[in-house]
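Structural characterization, general
Residues per chain are reported as follows:
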Amino acid sequence: MKNLFFFIIIFFSTFSNAQNLKDFSVPKGYTKITEEKGDLDKDGKEETVIILETDQKASENKDDPEHKDYKRILYILKQDHGKLKIWKENPNFIFSSGTGFYPEYNTPPKISIKANVLAITQEFNSNSRHTLTYKHTFRFQNGDFFLIGTHENFADTCEFDFTYEINFSTGKVIVDKKFSSCDDNEKTPEDFYKEFTHKLQGLIKMENFKIGEHKFKIPGLKEDFTF
């Protein structure tokens, strides 16, 4: 009887929420960059996650009138009677189209949905030798999407390959710094690897997350873990 009552509450709550969501269609002038489907809230139904490139400028480059930099937005959509409804809309951590040193060669953002968990991967070159890759993982819990993991890789074509990773659910942090050289005669610094635990006071909601605005000290190093 309790299980039936619980199911009825969940059903009417989901139905009510779906009724309040706005219909979705790709706005005029926007372009779909990538899309993935999967169940994010464990209701047995697939959500649709897409990233759109807008027609809104993210920046202006007066020295290069050909430079195009447009804002991008992440949408999480629900199915309701054959229609897509906007469940979540977020531009905060999605890089614009002109990000990086060679934006025209950037790979599109990647969306992954596995075991009800959403992951967004973005990559770009910060200069002619450096590549930055970010992966941010979110889970729907307690009625909202929360950041539960980050993975950052900063790599040089010759000199280094740095990885910073944290699982916010367990607090496990990994800092992995590998050094190398294209010159066989050049002495390189010693590699550095450290695992430790850092517990946040509370998980960060997707809507409140912006890359690079959060940090804490790395034990044994004179630098912060920034995410």
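Scroll up to find the structure.
Residues numbered from 1 in each chain as written. Predicted model: local features only at pLDDT ≥ 70, side-chain atom pairs only at ≥ 80, totals over all residues. Heavy atoms only, no water.

1. A word on the packing of aromatic side chains
Considering all chains together, one arrives at 20 aromatic pairs under this definition. Between Phe162 and Phe179, the ring centres sit 5.3 Å apart and the planes meet at 70°, which makes this aromatic pair edge-to-face. With a gap of 17 residues between them, Phe162 in strand β10 (residues 160–167) and Phe179 in strand β11 (residues 172–179) connect regions that are remote in the sequence. For Phe162, a relative accessible area of 11% translates into the label buried. For Phe179, a relative accessible area of 24% corresponds to the partly exposed category. Between Phe225 and Phe227, the ring centres sit 6.3 Å apart and the planes meet at 55°, which makes this aromatic pair tilted. Across this residue pair, the class does not change: Phe225 and Phe227 are buried. Among the aromatic residues, ring-to-ring pairing joins Tyr164, Phe168, Phe196, Phe216, Phe225 and Phe227 into one connected group. Over the ring of Trp87 we find Lys78; its NZ or CZ atom is 4.4 Å from the centre of that ring. The positively charged end of Lys177 is found above the aromatic ring belonging to Phe162, 5.0 Å away from the centroid. (Phe/Tyr/Trp six-rings, centres within 6.5 Å; stacked < 30°, edge-to-face > 60°. Helix = DSSP H or I, 4+ residues; strand = E, 2+ residues; numbered from the N terminus. Buried < 20%, exposed > 50% of the residue type's maximum accessible area, 1.4 Å probe, protein only. Lys NZ or Arg CZ within 6 Å of the ring centre and 35° of its normal.)

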